[in-house]
Amino acid sequence: MAEALRDRETSIRSYTDHVTHELKTPVSVIRAATELLSDGPQDSAGNGQLVAQIDEAARTIEKQLGALRSAAHARETRYTGSCTLADLADDLTAAHPGIVLRTDGAAVPFPIAREGLAIVLHHLLRNAAEHQAGSVLLSAADEAGPVLTVSNDGAPVLAHDAKRLFEPFFTTRRDSGGTGMGLAIARNVLEANNGQIASVPLEEGACFVIRFRTG
């Protein structure tokens, strides 16, 4: 129990540090733009640009805070029940039309409700699409417990990024507007439901393996 509480406190501190870092730049932009607006003529031609900067900075803050709330919620929510890939395949295909989705072992049951596994897989499929994947294979098996392998043909995970993939706010695509919270949320959902996720190194494509503890 004490170790679990320490881990929780460490995670919360990590979230706080990341939030502080991520919000520093947009907050500075807001302050500078606000000062310029208050000092200059109200009908200045540059006011429109400053207002746009303020709006963009505010949206960035809201997006990061929303992602943080989602990650925190994922740590606490239990999705009690069971489901199979067959229960999810149609919805996943419809939600990610740019990806060719294939399944294997679609009848293997997982000890998590459909809603919970859907959250995890939506984040993994979105991550695959952001890294130029055209196809994803979801392969389920029972190896002394249910295992789900999610592999895609997109860009491989670089060695120096592998250890940070599931850290809150870590992203290799900052310019695309991502929050870097997708994989952290997926991990948190799984950990709250007796599961774990790991990245498997590949020379081509990317692969994630999800295992659930039983008993």
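Residues numbered from 1 in each chain as written. Predicted model: local features only at pLDDT ≥ 70, side-chain atom pairs only at ≥ 80, totals over all residues. Heavy atoms only, no water.

Concerning the overall build of the protein chain
Part 1 of the reasoning: Summing up its helical and strand segments, the protein chain has 6 helices and 5 strands in all.
Part 2 of the reasoning: Per-residue burial for the protein chain yields a buried fraction of 39% across its 215 residues.
Part 3 of the reasoning: Relative to all contacts within the protein chain whose residues are 6 or more apart in sequence, the contacts with residues 24 or more apart total 68%.
Part 4 of the reasoning: Carbon and sulfur atoms form 53% of the exposed surface of the protein chain, whose accessible area is close to 12,200 Å². (Helix = DSSP H or I, 4+ residues; strand = E, 2+ residues; numbered from the N terminus. Buried < 20%, exposed > 50% of the residue type's maximum accessible area, 1.4 Å probe, protein only. Contact = heavy atoms within 4.5 Å. Areas by Shrake-Rupley, 256 points an atom, 1.4 Å probe, with all protein chains shown as cover.)

Things to note about the nonpolar core
Part 1 of the reasoning: Formed by 39 residues in total, the largest nonpolar core has its most connected members in L121, L124, L138 and L148.
Part 2 of the reasoning: Looking at this core, the elements with two or more residues in it are α3 (85-95), α4 (114-130), β2 (135-142), β3 (146-152), α6 (182-191) and β5 (206-212).
Part 3 of the reasoning: Top contributing element to this core by residue count: α4, with 7 residues.
Part 4 of the reasoning: Once residues within four sequence positions are removed from consideration, L121 is found in contact with L85, L88, L92, L138, L148 and V150. (Core = buried A, V, L, I, M, F, W, Y, C linked by side-chain atoms within 4.5 Å.)

As for the packing of α4 against α6
Part 1 of the reasoning: Packing of α4 against α6 brings their axes to within 9 Å, and their N-to-C directions diverge by 155°. The orientation of α4 relative to α6 falls into the category roughly antiparallel. Considering the relative orientation of α4 and α6, their crossing is left-handed. Along its contact with α4, which presents G116, I119, V120, H123, L124 and N127, the element α6 presents G182, L183, I185, A186, V189 and L190.
Part 2 of the reasoning: Residue composition of the contact of α4 with α6, by class: 8 nonpolar, 4 polar and no charged. (Axes fitted to C-alpha atoms, helices over the stretch in contact; angles between N-to-C directions. Parallel < 35°, antiparallel > 145°, perpendicular 65-115°, else oblique. Left-handed = near helix turned anticlockwise from the far one by under 90°. Nonpolar A, V, L, I, M, F, W, Y, C, P; charged D, E, K, R; others polar.)

Brief notes about the pairing of strand β1 (residues 100-104)
Part 1 of the reasoning: Relative to β2, β1 runs parallel, the two sharing 5 bridges. The partner of V100 across the bridge, within β2, is S135. (Pairing = 2+ DSSP bridges.)

A word on unusual backbone geometry
Part 1 of the reasoning: The phi dihedral of Q132 is positive, around 65°, even though this residue is not glycine.
Part 2 of the reasoning: With respect to the helices and strands, Q132 occurs in the loop between α4 and β2.
Part 3 of the reasoning: For A144, which is not glycine, the phi torsion reads 60° and is therefore positive.
Part 4 of the reasoning: Residue classification places A144 among the exposed positions, given a relative accessible area of 82%.

Description of the sheet that holds β1
Part 1 of the reasoning: Pairing within the open sheet is mixed, and its 5 strands lie in the order β1-β2-β3-β5-β4. In this open sheet, the two strands that pair with only one neighbour each are β1 and β4 (195-200). With strand direction ignored, the average angle separating the axes of adjacent strands in the sheet is 15°.
Part 2 of the reasoning: Its contacts with the sheet put α3 on β1, β2 and β3, and the angle it makes with β1 is roughly 175°.

A short note on the packing of aromatic side chains
Part 1 of the reasoning: Tallied over the entire structure, the rule returns 2 aromatic pairs.
Part 2 of the reasoning: Here F110 and F212 contribute two aromatic rings whose centre-to-centre distance is 5.8 Å and whose plane-to-plane angle is 55°, an arrangement assigned as tilted. Of this pair, F110 sits in the loop between β1 and α4 while F212 sits in strand β5, and the two are 102 residues apart along the sequence. With respect to burial, F110 and F212 carry one shared label: buried. (Phe/Tyr/Trp six-rings, centres within 6.5 Å; stacked < 30°, edge-to-face > 60°.)

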